[in-house]
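Structure at a glance
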Amino acid sequence: SRLWLIVPAAGVGKRVGGTCPKQYLEVAGRPVLAHTLARLHQSFPEARLCLCLAPDDDWFDPALVPFTDWQRVAGGAERVHSVVNALAAVAAQGAPDDLVLVHDVARPCVSADDLSRLYNAALASPDGALLASPVADTIKRDDGQGAVANTEDRRGLWQAQTPQAFRFALLQEALARALAPDGIGVGRITDEASAVEALGRAPRLVAGRRDNIKITHPEDLRLAELILAGDAV
Ligand code: C5P
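In this report, we go over the structure that sits alongside the text. Predicted, not measured: the structure shown is a model, and the values here were computed from it. (Residues numbered from 1 in each chain as written. Predicted model: local features only at pLDDT ≥ 70, side-chain atom pairs only at ≥ 80, totals over all residues.)

Digging into the overall build of the protein chain
- Across its full length, the protein chain carries 6 helices and 11 strands.
- For a compact globule of 233 residues, the expected C-alpha radius of gyration is about 17 Å, and the protein chain comes in at 17 Å, within 12% of that figure.
- When the backbone C-alpha atoms are referred to their principal axes, the protein chain occupies close to 50 × 40 × 35 Å.
- Taking all 233 residues of the protein chain together, 39% fall into the buried category.
- At a minimum sequence separation of 6, the contacts of the protein chain that also span at least 24 residues come to 71%. (Helix = DSSP H or I, 4+ residues; strand = E, 2+ residues; numbered from the N terminus. Rg over C-alpha atoms; globule rule 2.2 N^0.38 Å. Buried ≥ 20, exposed ≤ 12 C-beta atoms within 10 Å, placed from the backbone. Contact = placed C-beta atoms within 7 Å.)

Next up, the structure:
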């Protein structure tokens, strides 16, 4: 069976601000997207990449893609729709037990060691696996008026990262059910694992480095630059 990589990169990155989507902002002289694809390629040079891009993306340059085996897929309205579009491409060419690894373009700092541990955990787990890190901060819930309603018990809580990896058949079924009229719905499908969990399955938690940050806010770019500099590929 083969390995598929799905990289959702069709977001517009409203929170970072500016007109340039965050995957094209430069970190250490190269766009975020180039760093992310370089790290995936270094660990999985033989994999086939499905890169989800907005149909009206004017920033993309195929020279940024180091893979020989790759295809462009149209992004959807939300992240999950972009992933579903990529799975349709996998369905046309792949097998039910092929492993599908989904990694957000906005996480350029993922390490080779974490990629390898996640991949091995997913191979060994029928319910798939995801990188995650134990919650370090104290977590408050607000009362809707800017004050604290309560403090959550953070024991046993994890922050989900990407990559997340599952067998193709499981992921396809999970996303289809989650998006169905009686499914958990788009608003709660913020990662692949949430859809898989809704089937009653239990993806493995693989403790990942905390510096596998998701570029979300402008200040994250300088952080990413420092992390990438200290960890040259
Ligand atoms: O905005 P956020 O960081 O949550 O987006 C997560 C990932 O999903 C990003 O890599 C973004 O490019 C991608 N995305 C997508 N299609 C959308 C929205 C987001 O591929 N419609």
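With respect to the site of the ligand
- With respect to spatial proximity, 17 residues lie near the ligand, and among them Pro8, Ala10, Gly11, Ser82 and Asp104 are the closest.
- Its residues assigned to classes, the shell around the ligand comprises 7 nonpolar, 6 polar and 4 charged. (Near = placed C-beta within 6 Å. Nonpolar A, V, L, I, M, F, W, Y, C, P; charged D, E, K, R; others polar.)

Overview of the sheet that holds strand β4 (residues 48-53)
- Read from one edge of the open sheet, 7 strands run β5-β4-β1-β6-β10-β7-β11, paired in mixed fashion. Looking along the sheet, the strands with just one partner apiece sit at the ends: β5 (70-74) and β11 (204-207). Across this sheet, the average inter-strand angle for adjacent strands is 25°, counted without regard to direction.
- Where strand β1 (residues 3-8) and β4 come together, 5 bridges link them in parallel fashion. (Pairing = 2+ DSSP bridges. Axes fitted to C-alpha atoms, helices over the stretch in contact; angles between N-to-C directions.)

With respect to the pairing of β1
- Among the 6 residues that make up β1, 5 are buried, leaving the element largely enclosed by the rest of the structure.
- Sheet topology places β1 next to strand β6 (residues 99-102); 4 bridges connect them, and they run parallel. Bridge pairing in β6 places Ile6 opposite Val102.

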